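# Close look at the chain arrangement
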Amino acid sequence: MKTKSVDIKKILKSNVMEVVLLIITIIIAFTATGFFTSSNLLGILRSSALKGVIAFGMTMVIICGEIDLSISSTVALSGIITALTAGKLEALGIMPLAYGVIAGMILAIIAAALVGVFNGYLRTRFNIPTFIITLAMMNVLYGAAALLSKGFPLTSLPAWYNVLGAGSIGPVPVPAIILIFIFIVVHIIMSYTTFGRSVYAVGGNPESARLSGINVKKVKILVMVGVQVLAALGGIMCSSQVMSAAHNFGKGWEMDVIASVIIGGASMNGGIGKVRGTFVGIIFLGILLNGMTLMNVSEYIQYIVRGGLILGAVLVNAIQFNRSGEA
């Protein structure tokens, strides 16, 4: 009987956020009118998916002991590159809009990957903190997005493009399907591949990882590329949802993306975190924000709650880490 109680304690300790999510979901279900409807729950999945796909990339970056604040500007820039390329190709008579948008998406993803390579190169070559690099790049990419769009929304997009951000397969939103697919891919990479183990090793102790034969520079560059590519995907889905692209899309997304990862149990010191935890963090944040909106909670209070959540999650992680260290 005693053993059983210890096991339950261990389960609760290792699934703190899942338990908190369940409790908050029950509270919101009883207090927010219209929360427990299929349309609202699917709406939470749809809205969470756009930032969620980026959060999986950010999980790899944070586990590796780095950060990327430029993802919000990549969201805007990728939508603009997609729409601009599609419109230009049609105007030049090279290909119709329906195919030009595919070329635009590919170009946007390539551009994002190059930004990731650049960020990673500066980090590994000159040892500049990624906080500084990506903070600077956030402004550079924002300015580039504004210049390319001339400050106006771009709407040269074919009708089928809307499916990526607003379509459904049966009752399930397409963004939710993309979110689950990216989750599975990143989970497999981080849990069952040599590269995933290398990311944990580099985040835990870069010098030990280097001495054990891991190419630390390559690992850091690859995770920076990964988060940028997923930010481009999030930006494409965002522009698809509203059938336009603008330089201010994605503004402030980095806060919610990082919050999802930290709430999911990742450590900002690196070496600790799980993709599954991030998925819980994404849903947790989506349910909480949706519940507060349904209850007409002030937008300013929502910011306070989000900040408090990040601080609370960091404190819980620190306490658990200190206890495991003492043990």
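Being a predicted model, the structure only gives us computed values, none of them experimental. (Residues numbered from 1 in each chain as written. Predicted model: local features only at pLDDT ≥ 70, side-chain atom pairs only at ≥ 80, totals over all residues. Heavy atoms only, no water.)

Further remarks concern the overall build of the protein. In terms of regular secondary structure, the protein is built from 14 helices and two strands. Expected size for 327 residues packed as a compact globule is a radius of gyration near 20 Å; at 20 Å, the protein falls within 12% of this value. Principal-axis analysis of the C-alpha atoms gives the protein an extent of 75 × 55 × 35 Å. Going through the 327 residues of the protein one by one, you find that 48% of them count as buried. (Helix = DSSP H or I, 4+ residues; strand = E, 2+ residues; numbered from the N terminus. Rg over C-alpha atoms; globule rule 2.2 N^0.38 Å. Buried < 20%, exposed > 50% of the residue type's maximum accessible area, 1.4 Å probe, protein only.)

Take the UniProt feature "transmembrane region" (unreviewed entry) in the protein next. Under the feature "transmembrane region" (unreviewed entry), the UniProt entry names residues 20–42, 54–85, 97–118, 130–149, 169–190, 221–243, 279–297 and 303–321. Between the end C-alpha atoms of residues 130–149 there is a gap of 27 Å, over a span that is 100% helix and 0% strand. In the segment residues 221–243, helix accounts for 96% and strand for 0%; the C-alpha atoms at its two ends are 32 Å apart. (UniProt positions renumbered as here; feature names shortened; annotations may be inferred.)

Okay, the side chain of T130 next. If you trace the backbone, T130 turns up in helix α6 (residues 130–149). Given the relative accessible area of 4%, T130 is considered buried. A polar contact of 2.9 Å, which involves the side chain of T130, links it to the side chain of E66. Apart from the residues lying within four places of it in its own chain, the contact partners of T130 are E66, I67, R123, L135 and M224. (Polar contact = N/O pair within 3.5 Å; in protein donor to acceptor, adjacent residues only side chain to side chain. Contact = heavy atoms within 4.5 Å.)

Turning our eyes to something else, we now look at the packing of aromatic side chains. Summed over the entire model, instances satisfying the criterion amount to six aromatic pairs. Considering the side-chain rings of Y121 and F126, the 6.1 Å spacing of their centres and the 90 degrees angle between planes classify their relative orientation as edge-to-face. Here Y121 falls in the partly exposed class, since its relative accessible area comes to 40%. Look at F126 and you get partly exposed, because its relative accessible area is 47%. Seen from their ring centres, F183 and F279 are 4.9 Å apart, and the 50 degrees between their planes marks the pair as tilted. One end of the pair, F183, is in helix α8 (residues 174–192); the other, F279, is in helix α13 (residues 275–294), and 96 residues separate them in sequence. In this structure an aromatic cluster arises from ring pairing among F56, F183 and F279. For K251, the ring lying beneath its charged end belongs to Y142, and the centroid distance is 3.9 Å. (Phe/Tyr/Trp six-rings, centres within 6.5 Å; stacked < 30°, edge-to-face > 60°. Lys NZ or Arg CZ within 6 Å of the ring centre and 35° of its normal.)

In this section: the environment of T194. Inspection of the secondary structure puts T194 in helix α9 (residues 194–204). When the C-alpha positions of T194 and I214 are compared, they lie 9.9 Å apart, and in sequence the two are 20 residues distant.

Residues Y99, I102, I106, I110, L114 and W160 make up a contiguous nonpolar surface patch of roughly 610 Å² in combined accessible area. Tracing the backbone through its elements, the reader meets I110 in helix α5 (residues 97–126). (Patch = residues over 30% accessible without salt bridge, like charges linked within 9 Å, V, L, I, M, F, W, Y side chains within 5 Å. Areas by Shrake-Rupley, 256 points an atom, 1.4 Å probe, with all protein chains shown as cover. Salt bridge = Lys/Arg side-chain N within 4 Å of Asp/Glu carboxyl O.)

In this section: the nonpolar core. Among the nonpolar cores identified, the biggest contains 86 residues, and I54, F56, M58, I62 and I263 are the most heavily contacted of them. Ranked by residue count, the leading element in this core is helix α3 (residues 38–63), at twelve residues. For F56, the contacting residues outside a window of four places in its chain are L179, I182, F183, V186, L230, V275, T278, F279 and I282. (Core = buried A, V, L, I, M, F, W, Y, C linked by side-chain atoms within 4.5 Å.)

A separate point is α9. Buried residues of α9: G196, S198, V199, V202 and G203, and no others. For α9, the arc enclosing every buried residue in end-on projection is 160 degrees, short of the 170-degree limit, so these residues lie on one face. Facing away from the buried side of α9, by more than 90 degrees, are the exposed residues T194 and G204. Looking at the packing, one finds that the buried side of α9 touches α3, α8, α10 (206–211) and α11 (216–242). (Arc of directions from axis to C-beta.)

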